[in-house]
Protein chains: 2
Amino acid sequence: MNLKQLSHMLALSQTTVSRALNGYPEVNEETRRRVIDAAKRHGYRPNPSARRLATGKTGMIGYVLPTGNSVDIDPHFVEFLSGLGDYARSHELDLVLSPADADDQETTYRRIVANRQVDAVYISSPRPTDRRVALVNTLGIPFIVHGRSEGLDFDYPFTDIDNEGAFHEAARLLVQLGHRRLALINGDDRETFAIHRERGVRRALAASGLVLGEGHVCSLAMTEENGYRAARRLLEQSDAPTAIACSSLIMALGVVRAVRDLGLTIPGDLSLIAHDDVFPWLKPENFSVPLSTTRSSIRLAGARVAERLAARISGLEEGTRGEVWPVDLVVRASVAGAPVRGY
Amino acid sequence: MNLKQLSHMLALSQTTVSRALNGYPEVNEETRRRVIDAAKRHGYRPNPSARRLATGKTGMIGYVLPTGNSVDIDPHFVEFLSGLGDYARSHELDLVLSPADADDQETTYRRIVANRQVDAVYISSPRPTDRRVALVNTLGIPFIVHGRSEGLDFDYPFTDIDNEGAFHEAARLLVQLGHRRLALINGDDRETFAIHRERGVRRALAASGLVLGEGHVCSLAMTEENGYRAARRLLEQSDAPTAIACSSLIMALGVVRAVRDLGLTIPGDLSLIAHDDVFPWLKPENFSVPLSTTRSSIRLAGARVAERLAARISGLEEGTRGEVWPVDLVVRASVAGAPVRGY
DNA sequence: AGAGTCTTCCAAAGCGCTTTGGTCTTTTCG
DNA sequence: CGAAAAGACCAAAGCGCTTTGGAAGACTCT
């Protein structure tokens, strides 16, 4: 059932039917009702390919997916997707993932906008002076950045969490509890979120005249194994930290294992706070010692990004407003006063 | 730069240019070279929307993504996606995720095929007599099932791993080691993979005249918390199992925690084998006691599914061949002989 | 040499929608 | 009452590609 057939059986022109269906004003309300009714009855659905060719609108939002044999997609992605998908569904938006060589995403971005394959895109895991953000900005397609870049000479719309504030709070708490030697097990520090977290920790320490020791900050892909390695390295050195802030629950798993392997305890020998993105399958309260966390649902962020993309597509949102969500600090049993030296 | 312009500057008809570019035989090789050269020089890329309207081909593969507030996307998905994306990239295929109400995916399937939004789809996490498989089969769009359904009255193409065989081997090993009371901590048993795994365990037990005790099989969403709960329940009952087969590494995390909480040890009090889908961020060899696993890379499966979809789209693959991959049984320190009773 | 066959190319008709630029009534208003 | 404005609808021109149905010329073959 296409427009031609439908308009023919209604004895109306395609123009009128099209307009009736799309809510244009220049059509009699009575007629509109007839049209809408007939469309529904015959299950008419405008052919998206045709509409797309005519209007350029696709009803899809895009994401360039870096791939490659040695490229691992972050498990956070799936949670983000849950939120995004949930919102997208309610607005009849589809998501198209365009796989790209991780080292050459530019070509893919250019392709999807040149071909008008999507109405908007989002960018995740941005880095300082992120080329993708700059590119997408000049290409002129609506977009939202999940996270933030830094050092760009233009403004852009983003939704981020207050990583610096979160880790500042976490570190401040640890300092207040008497810890003097903190360490940070961070994610890849080429990404802005990691930089912000480190900044937060440093700022909190500085406020008490402390510093993040040279060997007290690790920056690695967020795997259990890396968490373990980092923790061992930290805890086996002579000025081992008495408290660790950790960028991910998965890494925290490794930290806990390292602590156990070394015959230490949490929080007796080490206080631990990790960032929790709120996975349904791994909860900080279920760690053998319930884990204190800085918590922010990445799923909610996904929904929000979808919401803003939808708004930008339909022209309801404009400008370059960046929004920064506060992060909860949830204190559980994994933090305690610093162990007293020499006792 | 569109076809019209290009053909005009070449002083050829659109027909000829189009055919030259698409490799049709009825064009002089000399001419073809000229056309291809000019196209490259001017960066001509056929508008996909137009091509799509004309041919119905989209260059996209589809996946209906169940969403909803209480619907969690499996973290396995992201690994599968890595593989799929990696292959798709090399074939210039995009993936479109169409979010759907988890309870009504049919509408979405119908929509994407009625609208010809994708050239093929894949289905994951199938259940016995899966309605999606039946639907997609009748709708006549090329598809591959990742996993298997059961009890359908037609054949269909799938790529699955030998879940039954894997768990059969695992259980057989445990039995050989003297274990008499095995338990299974399984995933959602409405899904075929879980059914097959249970079947494998039962078969291995039966071969030695044993059975899977009434209370010795749990079937839950694969979260750490559920692994913990299941393990506690199992281990606290009077005829606690001496060995557990577990459907997921994440659940195994919970099992290990429960074992520790109960003051037991692995493998002294309990042998444990889990299924490993090969996540980069959580490895069985890094468990405090290295975990024996049935291993099968879900990423490879993703790549394979993409490969078969691409083949079906281009008509290189037909028929309903199902392929079943063998699964490795990797023995590590988490299994040992059954503890001797009463000693 | 004339009939058939290739080879190589083209004009034009789709694909199914939106949108431009009207036309024909009907209403409004000085 | 007549002109202008508003209301309701339509024909046809895109959007940019593929594909059908030729056609013109070169080649083969008897």
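Look up: the structure comes first, before these words.
Procedures and definitions
- Residues numbered from 1 in each chain as written.
- Chains lettered and ligands numbered in written order.
- Predicted model: local features only at pLDDT ≥ 70, side-chain atom pairs only at ≥ 80, totals over all residues.
- Helix = DSSP H or I, 4+ residues; strand = E, 2+ residues; numbered from the N terminus.
- Rg over C-alpha atoms; globule rule 2.2 N^0.38 Å.
- Buried ≥ 20, exposed ≤ 12 C-beta atoms within 10 Å, placed from the backbone.
- Contact = placed C-beta atoms within 7 Å.
- Near = placed C-beta within 6 Å.
- Nonpolar A, V, L, I, M, F, W, Y, C, P; charged D, E, K, R; others polar.
- Pairing = 2+ DSSP bridges.
- Core = buried A, V, L, I, M, F, W, Y, C linked by C-beta atoms within 7 Å.
- Least-squares fit on C-alpha atoms with pLDDT ≥ 70 in both.
- Axes fitted to C-alpha atoms, helices over the stretch in contact; angles between N-to-C directions.
- Parallel < 35°, antiparallel > 145°, perpendicular 65-115°, else oblique.

(A) Up close: the overall build of chain A. Of the regular secondary structure elements, chain A holds 12 helices and 12 strands. For chain A, whose C-alpha radius of gyration is 26 Å, the value lies well above the compact-globule estimate of 20 Å for 343 residues. By its C-alpha atoms, chain A is 95 × 40 × 35 Å across when sized along the principal axes. Per-residue burial for chain A yields a buried fraction of 51% across its 343 residues. The contacts in chain A between residues at least 6 apart in sequence include a share of 69% that link residues at least 24 apart.

(B) Inspection of the protein's contact with DNA strand C at higher detail. Close to DNA strand C lie 26 residues, the nearest being Asn-2, Leu-3, Ser-18 and Ala-50 of chain A together with Asn-28 of chain B. Looking at the surface near DNA strand C, the elements with two or more residues in it are α1 (3-10), α2 (14-21) and α4 (48-55) of chain A together with α2 (14-21) and α4 (48-55) of chain B. Looking at which element gives the most residues to the surface near DNA strand C, the answer is α4 of chain A, with five residues. Split into classes, the residues belonging to the surface near DNA strand C amount to nine nonpolar, 13 polar and four charged.

(C) The protein's contact with DNA strand D, seen in detail. What surrounds DNA strand D is a group of 26 residues, the closest being Asn-28 of chain A together with Asn-2, Leu-3, Ser-18 and Ala-50 of chain B. Elements that contribute at least two residues to the surface near DNA strand D include exactly α2 and α4 of chain A together with α1 (3-10), α2 and α4 of chain B. The dominant element in the surface near DNA strand D, judged by the number of residues it contributes, is α4 of chain B, at five residues. Class assignment for the residues of the surface near DNA strand D results in nine nonpolar, 13 polar and four charged.

(D) Representation of the interface of chain A and chain B within the structure. Each partner contributes to the interface: chain A provides 49 residues, whereas chain B provides 49 residues. For the side of chain A that touches chain B, the secondary-structure elements that each account for two or more residues are α4, β1 (60-67), α5 (76-90), β2 (94-101), α10 (224-236) and α11 (249-261) of chain A. Its residues assigned to classes, the side of chain A that touches chain B comprises 23 nonpolar, 13 polar and 13 charged. Inspection of the sheet shows β2 of chain A paired to strand β2 (residues 94-101) of chain B by three bridges, in the antiparallel sense. When the sheet's bridge partners are listed, Leu-97 of chain A is paired in β2 of chain B with Leu-95 of chain B.

(E) Representation of the pairing of strand β3 (residues 120-124) of chain B. Residue and element names in this part refer to chain B. Counted residue by residue, β3 has five buried out of five residues, so it is predominantly covered. Burial along β3 is two-sided: Ala-120, Tyr-122 and Ser-124 and Val-121 and Ile-123, pointing in opposite directions, are all buried. The pairing of β3 with strand β4 (residues 143-146) spans four bridges and is parallel. Along β4, the bridge assignment pairs Ser-124 with His-146.

(F) Highlighting the nonpolar core. Counting residues in each nonpolar core, the largest one holds 100 residues, and the members touching the most others are Ile-244 and Val-255 of chain A together with Ile-244 and Val-255 of chain B. Leaving out residues up to four positions away in the same chain, Ile-244 of chain B has contacts with Ala-183, Ile-185, Ala-231, Leu-234, Val-255, Leu-270 and Leu-272 of chain B. Judged by nonpolar contacts, the second largest core, of 80 residues, contains Ala-88, Leu-97 and Val-118 of chain A together with Leu-65 of chain B.

(G) Expanded view of the relation of the copies chain A and chain B. Of the transformation superimposing chain A on chain B, the axial component is 0.0 Å and the angular component is 180°, with the fit at an RMSD of 0.1 Å. Considering both components of the superposition, the chain copies are consistent with a two-fold axis. Scanning chain A for the C-alpha nearest the rotation axis identifies Val-96 of chain A, at a separation of 2.1 Å. Taken together, the interface assignments show that 100% of the residues at the interface of chain A recur at the interface of chain B, consistent with an identical surface on both copies.

(H) The arrangement of the packing of α1 of chain A against α2 of chain A in detail. Residues and elements named next belong to chain A. With their axes 9 Å apart at the nearest point, α1 and α2 run at an angle of 100° to one another. Taken together, the axes of α1 and α2 are roughly perpendicular relative to one another. On α2, the residues that touch Leu-3, Lys-4, Leu-6, Ser-7 and Leu-10 of α1 are Gln-14, Val-17 and Ser-18. When grouped by side-chain class, the residues that make up the contact of α1 with α2 number four nonpolar, three polar and one charged.

(I) Representation of the sheet that holds strand β7 (residues 217-219) of chain B within the structure. Residues and elements named next belong to chain B. Read across the open sheet, the six strands follow the order β7-β6-β8-β9-β10-β12; overall the sheet is mixed. Only two strands of the sheet have a single partner each, and these edge strands are β7 and β12 (328-330). Strand after strand, the sheet turns through a mean of 15° between neighbouring axes, direction not considered. Relative to strand β8 (residues 243-246), strand β6 (residues 182-186) is paired through four bridges, and the arrangement is parallel. By the bridge assignment, Ile-185 is partnered in β8 with Cys-246. Sheet strands touched by helix α9 (residues 192-206): β6, β7 and β8. Its angle to β6, the strand with the most contacts, is close to 175°. The strands touched by helix α11 (residues 249-261) within the sheet are β6, β8 and β9 (271-276), with β9 carrying the most contacts at an inclination of about 155°.

(J) Seen up close, the sheet that holds strand β10 (residues 292-295) of chain A. Residue and element names in this part refer to chain A. Read across the open sheet, the six strands follow the order β7-β6-β8-β9-β10-β12; overall the sheet is mixed. Looking along the sheet, the strands with just one partner apiece sit at the ends: β7 (217-219) and β12 (328-330). Across the sheet, the mean angle from the axis of one strand to that of its neighbour is 15°, orientation sign disregarded. In the sheet, strand β6 (residues 182-186) pairs with β7 via three bridges, with the strands oriented parallel. Bridged to Asn-186 within β7 is Ser-219.

(K) The arrangement of unusual backbone geometry in detail. The step from Ile-266 of chain A to Pro-267 of chain A runs through a cis peptide bond, and the omega angle for that step is 0°. Mapped onto the secondary structure, Pro-267 of chain A falls in the loop between α11 and β9 (271-276). The phi dihedral of Ser-125 of chain B falls on the positive side, at around 50°, and the residue is not glycine. Residue placement: Ser-125 of chain B occurs in the loop between β3 and α7 (131-139). For Ser-125 of chain B, a count of 20 C-beta atoms within 10 Å puts it in the buried group.

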